[in-house]
Each structure stands twice: as C-alpha cells, then as structure tokens.
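Descriptive structure summary
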Amino acid sequence: MPDAITELNGDIRNKLVAGGTNINDLLKYFITKADKLVDINPIKDFNSIFRLENGGVRLGALHTNADTAYDPIIEECYPLLSKAILAGASAQIRNMATNGGNLLQRTRCYYFYDINTPCNKRDPGSGCSAINGYNRIHAILGQSESCIAVFPSDMCVALAALDAVVNIDGPEGERTLPFADFHRIPGDTPHIDNNLTYGEIISGIDIPKKGFEKNYSYLKLRDRSSYSFALVSVATALDIEDSTIKEARIALGGVAHKPWRVIEAEDFLKEKQPSRENFAIAADIILEGAKGYKHNSFKIELAKRAIIRNCIMALNPETQRPGAKPSL
Amino acid sequence: MNNRNEHSVSLNVNGRHYQLDIQPWVSLLDVLREHLHFTGTKKGCDHGQCGACTVLVNGKRILSCLTLGVMKDGAQITTIEGISNGENLHPVQKAFIEHDAFQCGYCTPGQICSAVGMLGENKAQTREEVQELMSGNLCRCGANKGIIDAVMAVKEGGYNE
Ligand SMILES: Cc1cc2nc3c(=O)[nH]c(=O)nc-3n(C[C@H](O)[C@H](O)[C@H](O)COP(=O)(O)OP(=O)(O)OC[C@H]3O[C@@H](n4cnc5c(N)ncnc54)[C@H](O)[C@@H]3O)c2cc1C
Ligand code: SF4
Ligand code: FES
Ligand code: FES
C-alpha cells in the first residue's frame, strides 16, 4: 500500500493531488476544502504504461494524459483512446493531467461552481439549481430529480467503450472495478460521483487486448471547435468481418452522470450490415427514454445524429480528418 | 515546514537557482510573479481557461496557475524572461514581431512559451494541427491569425537562433 494512503490518515479533510488541474481549481473556488494535500506524484510505480501478460495494457494512474495519448502502444493498438484524450482540454492541461485524475474530475455544472447557489452535489440537500435554471450542458439520460449534471471526461468515454478495468489500492487491500461500475448515476446521492471509497487510490487502468484499431472513431460536438467540454461526444468501436458487424461498442459523453453505454443497441448491431439504417436504429435504442429540459432538449436529436455519423466514420477512420468526406 | 506553514523549495528558473520558503497553497504562478518577480508570466483567469500563465517545466508547457509551487521542488522552469538567449531573440519571438502576432500583448508571453513547448513536442505539422495544439492560449485581441502565421513561419525554417 502506498505511503500516500497512510498519509491521508483516514481523515476526509485530507486530499490527494496528482496533476492538480481539477482539485487546485476547486480549492480556489472553495468548492473543495483540504486541511492537507498529499502529492502522489512521487509514487513511481503508477507512472508508466506497459503490456500485460493477457495482451492488454496497463495505464499508470500517474502517467499524464498527453504521454498516454502519444504513447506508441496506445497510438497503434488503441487509437480510439488517443483520439478521445486529444479531444479534451488543451495541450498544456494534458501535459499536467493524469489518467487517475481524469476519472475523478468533477462536473462542470455552472451551479456546482457557484457557491452562492443551491447544489445537491456540492451541498447535499440544498436543492438543484439547474433543473429549473439554465441547463444547456446538462444530462438527458440517467439523471434524477436531485441532480442533472454530466460527467465531463472525454478519455473516460473511450475507456468505457474499450471495457477498461480500474485498479484500486486501499487500506482494505487491492480490488478492481469494471469501468461500467466505476462511475455512478446520481440517484438521491449526487454528491457521490463514483464507487471509489475515501482513502482508496487508483493505481492504474487496464485495457483488454481488443483495441478495435481498424474501425473506430471519436466525435466531440461542442460550442467551439477546441478547448471546450462536450455537449455530446461519441466513441464508436466496431469489429467488422466480411461486411458484417461482429461486435459494436458505442459510448456517449456529455449526456449523463457517467459514460453512457446501452448493451441492447450494441447487441442489435451484431451480425448486421454496417449501414446508415442499422446505425439509426441503434441510435434510437440508445436514446430511448431520454429526457430533456428547457435548454438541452436539442441534445437528444444531436446525440442520435452524432451516433450515426460517428459509426459511419468508424468504417473508415481516415474520414475523421478535418474536412474529410464521409464514406457512406 | 516552519511556523508560518512554509515549506522549503528549490527551483531553477531561467537557469538560476532559487531557494525559497513558500506556503503550500501558493500556485506556481504566484511564486513566479510575487515571490520571484518574473512578472512576464501573466495571470489571465487563474483557472486554467486562458493559457496566459503558460511556462515550461522540465521542457514541457504547463499552466502555472493550476499547479502549486511546492509540487515543483527541484524543477527547471523557463518563463518568457528566459526564452531569449540574452539580447538574441528566440526564433519564435522574432516571428511574433514580424507577423504582427499580438496587439495588447497580454497573452503573448503565454503564447510564446506555448509555441516553444509545442515545437519541442513536434506533434503538429499542418496549419490545422498547429491551430488545434495552440488552442489552449486564448487571445482576446484576436491576433490568432498572426500567431499561427508566426508559428508556421518558424516551422518552415524561416527563423534561426
Ligand atoms: C479549462 C479546462 C478544460 C478542460 N477540458 C477538458 C475536456 O474537454 N475534456 C476532459 O476530459 N477533461 C477536460 N478537463 C479536465 C482535465 O482533464 C482534468 O482536470 C484532469 O484530467 C484531472 O487530472 P489531474 O491529474 O489534474 O487531477 P487532480 O486535479 O490532481 O485530481 C482530481 C481528483 O482526483 C483525485 N485523484 C487524483 N489522482 C488520484 C489517484 N490516482 N487515486 C485517487 N484519487 C486521485 C484527487 O484527490 C482529486 O480529488 C479540463 C480542465 C480544465 C481546467
Ligand atoms: S445539476 Fe447537480 S451539480 Fe448541477 S446544480 Fe443540480 S445538483 Fe448541483
Ligand atoms: S491564468 Fe492560468 S490559464 Fe488563465
Ligand atoms: S494580444 Fe491582446 S490578448 Fe492576445
């Protein structure tokens, strides 16, 4: 067990810092408070990328987002992950941000950031200012009456699609969580973002061997074309043989409290032709039950179109280049 | 740690060694500006959203407003004051002047440090890629076209040390 866990001393007022790009910002706004910050960067074991015996790869929790995106193994075998990371934040932030910190970044809901307004995530029981407020960036899937915030990560959308596994170390020993079970929906406890318990530390993230390097695409739609969070993003990974889809993964970002996958839609695509019509049916399945609010209902149609377009781009990843024409 | 909560930190800034006592909550940006008086590095937003505070830490461009001085103990830091070789301007600086890459100049130290960092990374070849990898530096005067022109001119070898 790393010394950092001992240094936290089981006291919730003590916090860990990795890249600092989120926690230092939250401290400045008095959204997070810390009596003591424990800098985990000295834990060298968490700062590498290496091949696992099962053919997969482990991303160290303290490896930076930039070094991960540009790592030769990741670029070659998991280009979907590279693309998603590079769609996030800016070059400077990616040079600082770590893989573990990326999973634990907090929502960008404006009211969460404004300590003068009620917010159940920041101050449990105070109410949600977004539901009847300005909610253009908020959730359309999996939200609750308590909170309609979205989880803002790009990297995690790709990790969800790739069936990653989170490695956790803590006072009770080591454990792993499948990516789908790492983040949670808000329910009536929106102050809890994920299933990491206090005092635990992420040591690394494992990605299975299958990288979908032939047919993948990441599409991020936002209000400006760079250095901005997603309104809707889509990670698509397809395994295609003889013009038939053998396996499909579709994960959405910017629409829910966690990266969003709907297994029924992915099952529907199995053994089907990779056609616009089939992708449209999958998109309808994914958005079934989606609910919009005053300013974000546009996201439902936007997400459907983004899914279709991204699945088509995945058929020929070259078409992800700016200005390239779709292949279908 | 002393009784004012200060930690002893050693930093190498622009080739010179500094030993300082700083409180743990002080950002690297404030250490550079307020403690060491390298005021070339600018505070735009103080929240990671503008790039004005960009400096090079161990050769990599980062935002000095989002890291803490105490986390950079032992680091080599280059600010805009350390980019030129004495009176001899860095190629990026020369190109900025010739391509009209600034108006008020507030974002410029961050733009130049970012451009130097980006050239070192060598991930951007086309103009579009340069635009994308320079997007972390906002310019409220809208000098962006000149900035990208300047960086492209350096990439194309038009400027030498
Ligand atoms: C202006 C701006 C724009 C951004 N745009 C995007 C974007 O478009 N897309 C995107 O995906 N992200 C974006 N980001 C967010 C950025 O990616 C995250 O802030 C970053 O990934 C967090 O990583 P970090 O290492 O800096 O985390 P820190 O700030 O160091 O830590 C974040 C949290 O995680 C905890 N922590 C960190 N590491 C561990 C660990 N190993 N184990 C246990 N706990 C840990 C800390 O205690 C803290 O609570 C943006 C950030 C900024 C400031
Ligand atoms: S959506 Fe969630 S984070 Fe935003 S104000 Fe409501 S409770 Fe707070
Ligand atoms: S001052 Fe650091 S990014 Fe704006
Ligand atoms: S020159 Fe004025 S902000 Fe860029």
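Worth saying up front: this structure is predicted, and the values here are computed from it rather than measured. (Residues numbered from 1 in each chain as written. Chains lettered and ligands numbered in written order. Predicted model: local features only at pLDDT ≥ 70, side-chain atom pairs only at ≥ 80, totals over all residues. Heavy atoms only, no water.)

**Quick look at the pattern of salt bridges**
All names here are of chain A.
- As enumerated under the stated definition, the model contains 25 salt bridges over all chains in all.
- In this structure, R136 and D223 form a salt bridge, with 2.5 Å as the shortest nitrogen-oxygen distance. Separated by 87 residues along the polypeptide, R136 in the loop between α8 (110-113) and α9 (155-161) and D223 in the loop between β8 (215-221) and β9 (232-241) bring together distant segments of the chain.
- Of the residues examined, R136 reaches a relative accessible area of 23% and is grouped as partly exposed. (Salt bridge = Lys/Arg side-chain N within 4 Å of Asp/Glu carboxyl O. Helix = DSSP H or I, 4+ residues; strand = E, 2+ residues; numbered from the N terminus. Buried < 20%, exposed > 50% of the residue type's maximum accessible area, 1.4 Å probe, protein only.)

**Here we look at the site of ligand 2**
- What surrounds ligand 2 is a group of 14 residues, the closest being A:C109, A:C119, A:C128, A:C147 and A:I148.
- For the shell around ligand 2, the class distribution of residues is nine nonpolar, four polar and one charged. (Near = heavy atom within 4 Å. Nonpolar A, V, L, I, M, F, W, Y, C, P; charged D, E, K, R; others polar.)

**Let's talk about the side chain of A:E247**
- In this fold, A:E247 is placed in strand β10 (residues 244-253).
- Of the polar contacts made by the side chain of A:E247, one reaches the side chain of A:R249; its length is 2.9 Å. (Polar contact = N/O pair within 3.5 Å; in protein donor to acceptor, adjacent residues only side chain to side chain.)

**Things to note about the site of ligand 1**
- Taken together, 34 residues are adjacent to ligand 1, and A:L16, A:G20, A:T21, A:T98 and A:D154 come closest.
- Residues within reach of ligand 1 are spread across chains A and B.
- Between ligand 1 and A:G20 there is a distance of 2.7 Å, counted from an oxygen atom to a backbone nitrogen or oxygen.
- Side-chain polar atom of A:Q105 to an oxygen atom of ligand 1: 3.4 Å apart, as the coordinates give it.
- Expressed as a share of its isolated accessible area of 990 Å², the protein-covered part of ligand 1 is 94%.
- Sorting the residues of the shell around ligand 1 by element identifies β1 (14-17), α7 (99-104) and β7 (201-207) of chain A as the ones contributing at least two each. (Areas by Shrake-Rupley, 256 points an atom, 1.4 Å probe, with all protein chains shown as cover.)

**Some remarks on the packing of helix α2 (residues 91-98) of chain B against helix α5 (residues 144-155) of chain B**
Residue and element names in this part refer to chain B.
- Relative orientation of the contacting elements α2 and α5 amounts to 135°, with a least axis distance of 8 Å. As judged from the angle between their axes, α2 and α5 are oblique. In terms of crossing hand, the pair formed by α2 and α5 is right-handed. Contact with α2, carried on its side by P91, V92, A95 and F96, involves I147, A150, V151 and V154 of α5 and no other residues of that element.
- In the contact of α2 with α5, the residues fall into eight nonpolar, no polar and no charged. (Axes fitted to C-alpha atoms, helices over the stretch in contact; angles between N-to-C directions. Parallel < 35°, antiparallel > 145°, perpendicular 65-115°, else oblique. Left-handed = near helix turned anticlockwise from the far one by under 90°. Contact = heavy atoms within 4.5 Å.)

**Describing the interface of chain A and chain B**
- Taken together, the 27 residues of chain A in the interface contact 25 residues of chain B.
- Counting the surface lost from both chain A and chain B, the interface buries some 2100 Å², and carbon and sulfur atoms represent 52% of this.
- In terms of surface lost to chain B, no three residues of chain A exceed A:K28, A:Q92 and A:Y227, which account for 29% of the buried area on that side.
- Taken together, the connections running from chain A to chain B amount to two salt bridges.
- The shortest N-O distance in the salt bridge between A:K28 and B:D46 comes to 2.8 Å.
- Taken together, chain A and chain B are joined by 15 residue pairs in polar contact (both at pLDDT 80 or more).
- Top contributing element to the side of chain A that touches chain B by residue count: helix α6 (residues 91-96) of chain A, with six residues.
- Residue composition of the side of chain A that touches chain B, by class: 10 nonpolar, 10 polar and seven charged. (Buried area = accessible area lost by both parts, 1.4 Å probe.)

**Structural notes on the nonpolar core**
Residue and element names in this part refer to chain A.
- Residues L59, L80, L81, L103 and L159 are the most contacted members of the largest nonpolar core, which totals 39 residues.
- When residues of this core are assigned to their parent elements, the largest contribution, seven residues, is made by α9.
- When residues of this core are sorted by domain, at least three fall in each of domain 1 (42-207) and domain 2 (216-318).
- Residues in contact with L80, not counting those within four places in the same chain, are A158, A161, L162, Y216, S217, Y218, A235, T236 and A237. (Core = buried A, V, L, I, M, F, W, Y, C linked by side-chain atoms within 4.5 Å. Domains from an automatic or database assignment.)

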